[in-house]
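Below, each chain spelled out in residue letters.
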Amino acid sequence: MGLFSRSTTATAPAAVTAVDPALAALTGTYTIDPSHSGIGFTARHAMVTNVRGAFTEYEGTLELDGTDPAASSAFIDVKIASVDTGSADRDGHLRSADFFDAEQFPLMTFRSTSAEALGGTDYRITGDLTIKGVTKPITIGLEFNGAAKDPFGNERVGFEGKAELLRSEWGLTWNAALETGGVLVSDKIKLTFEISAIRNAE
């Protein structure tokens, strides 16, 4: 079962309008559960290795429409000050005006604008990502991991996502040249998402 379904038979109108009951049952509003989710990033450091980090404080909502899955939407607000790379000095630098300027721009936000089925459990969601007051579109590849009821009676849905961006396009341009050539921090940043969301009570 997929979150987004589409018919591949143009000559069968009934198949186009039919709704999978299991899919329709997912319709509702879901709140992201930070204790079982993760938003991470990876940057190339000194041209030779990767540094990984995460944002530990965020909130978001998924609006799933099982009868018209392409109408589903998502939004996430991330607290920049929650950045964690395992190094207090590096995290402080990332929060400074050299990078995110967390004091002036405390939130990074994502607001979806469209969703698309790619086949199987693979999907693509596009939306507006805002960092440091700059808003640009970003596309995230998603895998729908399914739905389940946990031991506490919560109805959950799960997703994994990946995306890449050039940080310079959002005004994150700080860098330092290396004596051997190249720069200290890559422009390309890889993003990863592990999302578990709980259906809201009606």
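Numbers given to residues run from 1 along each chain, matching the order in which its sequence is written. Residues qualify for local features only when their pLDDT is at least 70, as the model is predicted, and side-chain atom pairs are given and counted only at 80 or more; totals for whole chains, interfaces and linings, by contrast, use all residues. Side-chain calculation: all heavy atoms of the structure are included, whereas hydrogens and water are not.

J.: Sorry if this is basic, but what is going on with the pairing of strand S8 (residues 122-131) here?
T.: Along any regular strand, the residues point their side chains to alternate faces of the sheet. In this description, strands pair whenever DSSP reports at least two bridges between them. Put simply, DSSP marks the helices as runs of H or I at least four residues long and the strands as runs of E at least two long, and each gets a number from the N terminus on. As judged from the nine bridges shared by strand S7 (residues 107-119) and S8, these two strands associate in the antiparallel manner. Opposite Ala-115, over in S8, you have Ile-125 as the bridge partner. Counted between consecutive antiparallel strands, the loop separating S7 from S8 contains two residues, among which Gly-120 sits at a positive phi close to 65 degrees. Judged from the 10 bridges that link them, S8 and strand S9 (residues 134-149) form a sheet pairing that is antiparallel. Paired with Leu-129 across the strands is Lys-136, a residue of S9. Linking two consecutive strands that pair antiparallel, namely S8 and S9, is a turn of two residues; a positive phi of about 55 degrees is found at Lys-132 within it.

J.: What am I meant to see in the packing of aromatic side chains here?
T.: Where two aromatic rings form a pair, the distance of their centres and the angle of their planes describe that pair. Stacked, edge-to-face and tilted labels apply to pairs of Phe, Tyr and Trp rings (six-membered ring for Trp) whose centres lie within 6.5 Å, assigned for plane angles under 30 degrees, over 60, and everything in between, in that order. Using the criterion set out here, one finds four aromatic pairs in the structure. Aromatic pair Phe-55 and Phe-100: ring centres 5.9 Å apart, planes at 80 degrees, arrangement edge-to-face. Taken as a pair, Phe-55 in strand S3 (residues 49-55) and Phe-100 in the loop between helix H3 (88-95) and S7 lie far apart in primary sequence, 45 residues in all. We call a residue buried when its accessible area falls under 20% of the maximum for its residue type, exposed when it is over 50%, and partly exposed in between, using a 1.4 Å probe and counting protein chains only. Its relative accessible area of 10% is what places Phe-100 among the buried residues. Between the aromatic rings of Phe-144 and Phe-159, the centroid separation amounts to 5.3 Å while the plane-to-plane angle is 40 degrees, which identifies the pairing as tilted. Residue Phe-144 is located in strand S9, and its partner Phe-159 is located in strand S10 (residues 155-166); the two are separated by 15 residues in the primary sequence. We classify Phe-144 as buried; its relative accessible area is 3%. Ring-pair connections join several aromatic residues into one group, and the members of that group are Phe-41, Phe-55 and Phe-100.

J.: Whenever I open this one, the side chain of Asp-91 confuses me. Can you help?
T.: Here Asp-91 is to be found in helix H3. Of the side chains with opposite charge, Arg-95 comes closest to the buried, unpaired Asp-91, at an N-O distance of 4.5 Å. Other than its neighbours up to four places away in sequence, Asp-91 contacts Val-83, Asp-84, Thr-85 and Gly-86. Positive: Lys, Arg. Negative: Asp, Glu. His and the chain ends are not part of the count. Salt bridges are defined as contacts in which a side-chain nitrogen from Lys or Arg sits within 4 Å of a carboxyl oxygen from Asp or Glu. Here, residues are in contact when the closest pair of their heavy atoms is within 4.5 Å.

J.: It is not clear to me how a positive patch on the surface should be interpreted in this structure. Could you clarify?
T.: Surface patches are drawn from residues lacking salt bridges whose relative accessible area is over 30%; two like charges belong together within 9 Å, two nonpolar side chains (Val, Leu, Ile, Met, Phe, Trp, Tyr) within 5 Å. For every accessible area listed, the method is Shrake-Rupley and the probe measures 1.4 Å; residues are considered covered only by the protein chains on display. Just so you know, the charge point we use is NZ for Lys, CZ for Arg, CG for Asp and CD for Glu. Judged by side-chain charge, Arg-44, Arg-52, Lys-162 and Lys-190 come together as a positively charged surface patch. Mapped onto the elements, Arg-52 comes out in strand S3. Accessibility expressed as a relative area gives 56% for Arg-52, which makes it exposed.

J.: Which parts of the structure should I look at to understand the pattern of salt bridges?
T.: If the charged atoms of two oppositely charged side chains come close together, the side chains can form a pair. With the rule as written, the count across this model stands at seven salt bridges. Residue Arg-111 is joined to Asp-77 by a salt bridge in which the shortest nitrogen-to-oxygen separation is 2.9 Å. Of the two residues, Arg-111 sits in strand S7 while Asp-77 sits in strand S5 (residues 73-79), which places them 34 residues apart along the sequence. Assessed through its relative accessible area of 13%, Asp-77 is described here as buried. Bridged by salt links that share partners, the residues Asp-33, Asp-150 and Arg-156 form one connected network.

J.: Any chance you could explain the nonpolar core here in plain terms?
T.: In a soluble, globular protein the nonpolar side chains are often hidden away together inside. Counting 43 residues, the largest nonpolar core has Phe-55, Leu-62, Phe-100, Leu-129, Val-157 and Leu-191 as its most contacted members. It is strand S11 (residues 185-199) that contributes the most residues to this core, six residues altogether. If we ignore the near neighbours within four places in the chain, the residues touching Phe-100 are Phe-55, Ile-80, Leu-94, Arg-95, Phe-105, Ile-131, Lys-132 and Leu-172. By nonpolar core is meant a set of buried Ala, Val, Leu, Ile, Met, Phe, Trp, Tyr and Cys residues that side-chain atoms within 4.5 Å join together.

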